[in-house]
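Commentary on secondary and tertiary structure
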Amino acid sequence: MMLISVHMPKTAGLSFRAALEAHFKHQLRPDYSDYPLAHTPKERRDHALRCSRAIRTADFQGVGCVHGHFLPIKYQVLAEASPCTFVTWLREPLARLISHYDYWQRSYDPASSSTSALHRRVIEENWSLQRFALSYELRNVYSEFLWGFPLERLKFVGIVEFFEEELRYFSRQVLGNKLVVETLNVREEGKSGAPEQRLTPSDRAEIEAFHANDVQLYQSALRWRKCR
């Protein structure tokens, strides 16, 4: 059964990828070419559906895991033809937004062809954290990635705030082994600061309301974790 791992932006995806690489080795196929947030909702949805129709089971011979930034519906048709297990990780939405904002501040390269138009706007127009967090282009990132793909379809939804414990659970229950816990980008993540340190209570309330769908998804994932 192939593992389809959806890497939500700034949700410990590099650390999880390192664990997957240790398990799957050459059977891991990265998929980072879609750049979902670089496109409008219609563009990224249409692209995912076109890819879904074009994918063939034969293209994945010898592949044990796909991991990257993509809408999971991209692999919907493949999953209907060959058994697949879908997984992802979520992080407290405001903390994820702050980490995303800080990462774009650090990583901006005006000469890079891979820098999206939105990333350029954020830096060159000197967006504040509040403007970034309340931008329609980045509203409800989790919900946008999971368009047409209910959270219930995922076999595992890890919570980043409990990464080590969650990874051990994932390795036992999904992979049937014990993965080595490795955390990457610790310096960058720790630099971001907690939401209560970066936002006023009124800012937090406004942003949480703006991203209500993602807050609801995250709360659902927390409840599932407690049920485990």
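Before reading on, note that the structure itself is shown above.
Small disclaimer: the values here were computed from a predicted structure and weren't measured.

**A word on empty space enclosed by the protein**
Going through the model one piece at a time under the given rule, you end up with two cavities of 30 Å³ or more. The wall of the largest cavity is formed by Pro-93, Arg-96, Leu-97, Tyr-142, His-211 and Asp-214. With three residues, helix α4 (residues 93-107) is the single largest residue contributor to the lining of the largest cavity. There is about 30 Å³ of room inside the second largest cavity. Looking at the second largest cavity, the residues that line it are Ser-5, Val-6, His-7, Thr-11, Gly-13, Phe-16, His-67, Thr-88 and Trp-89. Where the lining of the second largest cavity is concerned, the elements lending two or more residues are β1 (2-6), α1 (13-24) and β4 (84-90). For the lining of the second largest cavity, the class distribution of residues is three nonpolar, six polar and no charged.

**Looking at the sheet that holds strand β3 (residues 65-68)**
Spatially, five strands are ordered β2-β3-β1-β4-β5 in an open sheet, and the strand pairing comes out parallel. The sheet terminates laterally at β2 (28-30) and β5 (156-159), the two strands that pair on one side only. Strand after strand, the sheet turns through a mean of 20° between neighbouring axes, direction not considered. Sheet analysis places β2 next to β3, joined by three bridges and oriented parallel. Residue pairing for β3: Leu-28 is matched across the bridge by Cys-65.

**Comments concerning the packing of α4 against helix α5 (residues 117-124)**
Remark: α4 packs on α5, axes separated minimally by 10 Å, with the N-to-C direction vectors making an angle of 85°. Of the possible angle classes, the one that applies to α4 and α5 is roughly perpendicular. For the pair α4 and α5, the contacting residues are Trp-104, Gln-105 and Ser-107 in the first and Leu-118, His-119, Val-122 and Ile-123 in the second.

**Regarding the state of the cysteines**
All told, the structure shown has zero disulfides when counted by the stated rule. The thiol of Cys-65 is unpaired, and the distance to the nearest cysteine sulfur, on Cys-84, comes to 10 Å.

The rules behind each value
Residues numbered from 1 in each chain as written. Predicted model: local features only at pLDDT ≥ 70, side-chain atom pairs only at ≥ 80, totals over all residues. Heavy atoms only, no water. 1 Å grid on protein atoms, 1.4 Å probe; cavity = no way out; pocket = protein on both sides within 12 Å on 5 of 7 lines; lining within 4 Å. Points joined across faces, edges and corners; volume = space filled by probe spheres on them. Helix = DSSP H or I, 4+ residues; strand = E, 2+ residues; numbered from the N terminus. Nonpolar A, V, L, I, M, F, W, Y, C, P; charged D, E, K, R; others polar. Pairing = 2+ DSSP bridges. Axes fitted to C-alpha atoms, helices over the stretch in contact; angles between N-to-C directions. Parallel < 35°, antiparallel > 145°, perpendicular 65-115°, else oblique. Contact = heavy atoms within 4.5 Å. Disulfide = S-S within 2.5 Å.

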